[in-house]
Amino acid sequence: AEQLYQYHPRNRLEKTVTLFSAIRNSGRLVSCQPGDFNSLNGIRVISMFWVILGHTVLLTMFPPVANPTEQQQAMQAFSFTIIKGGEYSVDTFFFISGFLATWGIINQVGVHGLSLKRYLLLIIGRWLRLTPSYAVILFFYWQVFPFISNGPYWDDVYGLGIANPIDGCK
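Cut-off values and rules
Residues numbered from 1 in each chain as written. Predicted model: local features only at pLDDT ≥ 70, side-chain atom pairs only at ≥ 80, totals over all residues. Heavy atoms only, no water. Helix = DSSP H or I, 4+ residues; strand = E, 2+ residues; numbered from the N terminus. Contact = heavy atoms within 4.5 Å. Areas by Shrake-Rupley, 256 points an atom, 1.4 Å probe, with all protein chains shown as cover. Expected span 1.5 Å × (residues − 1). Bend = angle between axes of the 7 residues up to and from the residue. Salt bridge = Lys/Arg side-chain N within 4 Å of Asp/Glu carboxyl O. Buried < 20%, exposed > 50% of the residue type's maximum accessible area, 1.4 Å probe, protein only. Patch = residues over 30% accessible without salt bridge, like charges linked within 9 Å, V, L, I, M, F, W, Y side chains within 5 Å. Axes fitted to C-alpha atoms, helices over the stretch in contact; angles between N-to-C directions. Left-handed = near helix turned anticlockwise from the far one by under 90°. Nonpolar A, V, L, I, M, F, W, Y, C, P; charged D, E, K, R; others polar.

**Topic: the overall build of the protein**
Right, on to step 1. Counting secondary structure elements, the protein contains nine helices and zero strands.
Right, on to step 2. Listed N to C, the secondary structure of the protein is α-α-α-α-α-α-α-α-α in terms of helices and strands.
Right, on to step 3. Excluding contacts between residues fewer than 6 apart, the proportion of contacts in the protein whose partners are at least 24 apart in sequence is 50%.
Right, on to step 4. Of the roughly 13,900 Å² of accessible surface on the protein, 67% is carried by carbon and sulfur atoms.

Have a look at this one:
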C-alpha cells in the first residue's frame, strides 16, 4: 500500500484517474497539521446540502403545488425524518463559526497578549467584517423586496399574510 500511495502518474490520464484513488487520497484525508481545519469543509458541504434539500422539499409543500393527502403521507414516512432533522444542520454552521472565531481569538491572544485595547480591536474588527453584509441584506429587504412581489400566492407564502412585508417589521 505504501508503494501505491507514493505512485507518481506518468501522463495526464493517469494523473486524472489517480485523483479519485481512495488509497492515494486516504493519507491526505486523515492527516492532521496544526491549525489545519480542512475537515470542517466536509462538514460544511454536507450541512449545506442538507439545508438545500430541506428548503427544496419544504418549498414544494406550499401552494400552489401542495397536495394535502400526499403531503400528510410523506411527512409520516420514516424517510422524512431526514428533512425534519434538517433544522439541526444549521447548528453546524453556528458551531463552525464559533469554533473558528474562538481559534482566531486564541491565536491573537497567544501572539499579542490580552489587554483592553486588544479586546476592543478584536470586537471592532469583527463588527466591521460582519456589518456591511448585514447592511446590504437589510437594505434589500427594506427597499428592493417590496417591489419584486407578485403573484396570487405572494402574501400567503412570502408576505406572511400582509400586503407589504415591511409592515410586519413595524
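**With respect to helix 8 (residues 116-144)**
Along an α-helix, residues three or four positions apart point the same way, because every turn accommodates 3.6 residues.
Right, on to step 1. With 29 residues, helix 8 should reach 42 Å at 1.5 Å per residue; the first-to-last C-alpha distance of 41 Å fits that figure.
Right, on to step 2. Taken as a whole, helix 8 carries its principal kink of about 30° at T131; the proline P132 stands between one and four residues after it.

**Points about the environment of G104**
Right, on to step 1. Looking at where G104 falls in the secondary structure, it is placed in helix 7 (residues 89-112).
Right, on to step 2. Along the sequence, G104 and L122 sit 18 residues apart, while their C-alpha atoms lie 9.6 Å from each other.

**A word on the pattern of salt bridges**
Right, on to step 1. Within the structure shown, the criterion is met by one salt bridge.
Right, on to step 2. Between E14 and R10 there is a salt bridge; the shortest N-O distance is 3.0 Å.
Right, on to step 3. On the basis of relative accessible area, R10 is assigned to the exposed category, the value being 68%.

**Brief notes about the environment of L122**
Right, on to step 1. With respect to the helices and strands, L122 occurs in helix 8.
Right, on to step 2. On the basis of relative accessibility, which here comes to 22%, the residue L122 falls in the partly exposed class.
Right, on to step 3. Once residues lying within four places of it in the same chain are set aside, the contact partners of L122 are I105 and Q108.

**A short note on a nonpolar patch on the surface**
Right, on to step 1. A surface patch of nonpolar side chains, about 880 Å² in accessible area, is lined by L114, L116, Y119, L120, I123, I124, W127 and L128.
Right, on to step 2. As for its position among the elements, L120 is in helix 8.
Right, on to step 3. Residue L120 is classed as partly exposed on the basis of its relative accessible area, which comes to 43%.

**Considering the packing of helix 7 against helix 8**
Right, on to step 1. The N-to-C vectors of helix 7 and helix 8 enclose an angle of 145°; their axes lie 11 Å apart at closest approach. Here the hand of the crossing between helix 7 and helix 8 comes out right-handed. Contact with helix 7, carried on its side by S97, A101, I105, Q108 and H112, involves R118, L122 and R126 of helix 8 and no other residues of that element.
Right, on to step 2. Of the residues in the contact of helix 7 with helix 8, the class split is three nonpolar, three polar and two charged.

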